Amino acid sequence: MSRIRNIRPLLLGALLIGGLTASASAGEEQTFNAFSAWTGKGFTVQSGPNEKTSVGSIGGRIYVETDKGPVDSGEMICPITLKVNIQTAAQEATGKCIFAGNDGALLHLDMACTGIHLVGCNGKSTIESGTGRFAGVTGGGPFTVRT
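Counting starts from 1 at the beginning of each chain's written sequence and moves along it residue by residue. In keeping with the predicted nature of the model, local features appear solely for residues at pLDDT of at least 70, side-chain atom pairs appear and are counted solely at 80 or more, and the whole-chain, interface and lining totals rest on all residues. By convention in this description, side-chain values take in all heavy atoms of the structure and omit both hydrogens and water.

A few points about the overall build of the chain
Heads up, the condition is: Helix numbers and strand numbers start at the N terminus; a helix is a DSSP run of H or I with at least 4 residues, a strand a run of E with at least 2. Exposed residues in this analysis have more than 50% of their type's maximum accessible area, buried residues have under 20%, and partly exposed residues fall in between, with area computed by a 1.4 Å probe over protein chains only. Residue contacts are counted whenever heavy atoms from the two residues lie within 4.5 Å of one another. Computed with the Shrake-Rupley method and a 1.4 Å probe, the accessible areas treat only the protein chains shown as cover for residues.
Within the chain, the secondary structure is distributed over zero helices and 11 strands. Starting at the N terminus and walking to the C terminus, you meet the elements of the chain as β-β-β-β-β-β-β-β-β-β-β. Residues counted as buried form 37% of the 147 residues belonging to the chain. For the chain, restricting intrachain contacts to residue pairs at least 6 apart in sequence, the fraction spanning at least 24 positions comes to 48%. Of the roughly 7700 Å² of accessible surface on the chain, a fraction of 56% belongs to carbon and sulfur atoms.

Focus on the state of the cysteines
How we decide: By disulfide we mean two sulfur atoms from cysteines, separated by a distance within 2.5 Å.
This model, assessed by the stated rule, comprises two disulfides. Residue Cys 78 pairs covalently with Cys 97 via a disulfide, S to S 2.1 Å. Taking the torsion about the sulfur-sulfur bond, which here is approximately 115 degrees, the covalent link between Cys 78 and Cys 97 counts as right-handed. Of this pair, Cys 78 sits in strand β7 (residues 69-85) while Cys 97 sits in strand β8 (residues 90-101), placing them 19 residues apart in sequence. An identical accessibility class is assigned to Cys 78 and Cys 97; each is buried. Each disulfide in the chain links cysteines that, numbered along the sequence, combine into the pattern 1-2, 3-4.

Overview of the nonpolar core
Spelled out, the test is: Working definition of a nonpolar core: buried Ala, Val, Leu, Ile, Met, Phe, Trp, Tyr and Cys residues. They are joined through side-chain atoms within 4.5 Å.
Ranked by size, the top nonpolar core spans 23 residues in total, and within it Met 76, Cys 97, Phe 99 and Leu 109 carry the most contacts. Of all the secondary-structure elements, those providing two or more residues to this core are β6 (51-66), β7, β8, β9 (106-116), β10 (120-130) and β11 (138-146).

Overview of the side chain of Thr 53
Selection rule: Think of a polar contact as two N or O atoms within 3.5 Å of one another; within protein, one of them needs to be a possible hydrogen donor and the other a possible acceptor, and neighboring residues in sequence only count if both atoms come from side chains.
Turning to its location among the elements, Thr 53 is positioned in strand β6. Within polar-contact distance, the side chain of Thr 53 engages the side chain of Ser 47 at 2.6 Å. When sequence neighbours within four positions are dropped, the list of residues in contact with Thr 53 reads Phe 43, Thr 44, Val 45, Ser 47, Thr 81, Leu 82 and Lys 83.

Here's the deal with the environment of Phe 35
Turning to its location among the elements, Phe 35 is positioned in strand β4 (residues 34-35). The exposure class assigned to Phe 35 is buried, which follows from its relative accessible area of 15%.

A word on the pattern of salt bridges
The line we're drawing: Salt bridges, as used here, are contacts in which a Lys or Arg side-chain nitrogen is within 4 Å of a carboxyl oxygen on Asp or Glu.
The final tally for this structure, using the stated rule, is three salt bridges. The closest approach of N and O atoms between Lys 96 and Asp 110, which form a salt bridge, is 2.6 Å. On the criterion of sequence distance, the pair formed by Lys 96 in strand β8 and Asp 110 in strand β9 is long-range, its members being 14 residues apart. Given a relative accessible area of 23%, Asp 110 falls into the partly exposed group.

Overview of the side chain of Ser 125
Mapped onto the secondary structure, Ser 125 falls in strand β10. Here Ser 125 falls in the buried class, since its relative accessible area comes to 0%. Beyond its immediate chain neighbours, meaning those up to four positions away, Ser 125 contacts Leu 109, Asp 110, Met 111, Gly 139, Gly 140, Gly 141 and Phe 143.

Quick look at a nonpolar patch on the surface
So the rule is basically this: Patch definition: residues above 30% relative accessible area lacking any salt bridge, with like charges linked at up to 9 Å and the nonpolar side chains Val, Leu, Ile, Met, Phe, Trp and Tyr linked at up to 5 Å.
There is a patch of nonpolar side chains on the surface, built from Phe 43, Val 45 and Val 55 and spanning about 250 Å² of accessible area. In this fold, Val 45 is placed in strand β5 (residues 38-48). Overall, Val 45 belongs to the partly exposed group, its relative accessible area being 39%.

Considerations on the packing of aromatic side chains
Defined as follows: Classification of ring pairs rests on two measures: the distance between centres of Phe, Tyr or Trp rings, Trp counted by its six-membered ring, which must be within 6.5 Å, and the angle between planes, read as stacked under 30 degrees, edge-to-face over 60 and tilted in between.
The full count for this structure, using the stated rule, is one aromatic pair. Ring plane angle 25 degrees and centroid distance 5.5 Å describe the contact between Phe 35 and Tyr 63, whose orientation is recorded as stacked. Residue Phe 35 is found in strand β4, and its partner Tyr 63 is found in strand β6; the two are separated by 28 residues along the sequence.

So this is what it looks like as structure tokens:
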């Protein structure tokens, strides 16, 4: 079984996640840095006296950092829910992301983060499952969303 640990993604006005382009040999642990510049669609409702909730999706191309620069490695789509405290600007978000490698392999990731609305969100990702070269991959790690 492959394992990806210590994924150190950086989300650039987008979502950054790692470990999406190279398959690890059996039992080999690998760390990847990746990013995505994404766009989003959705809607926002006043969900409480001091809270707004946004429901929608974000998506875009995935780029994995290499010694020779970023490499286009596929695309992602993430259905998300974002709750914002109107008085303090504190936010929390959850999402389920599907990453499709250029070869069609899929990786399913759960994500959750907290932060400040219109500034950023830090959190943890957990790989739930994969297909193709991502079958049997486990792991997760920290990520940052910057808006």
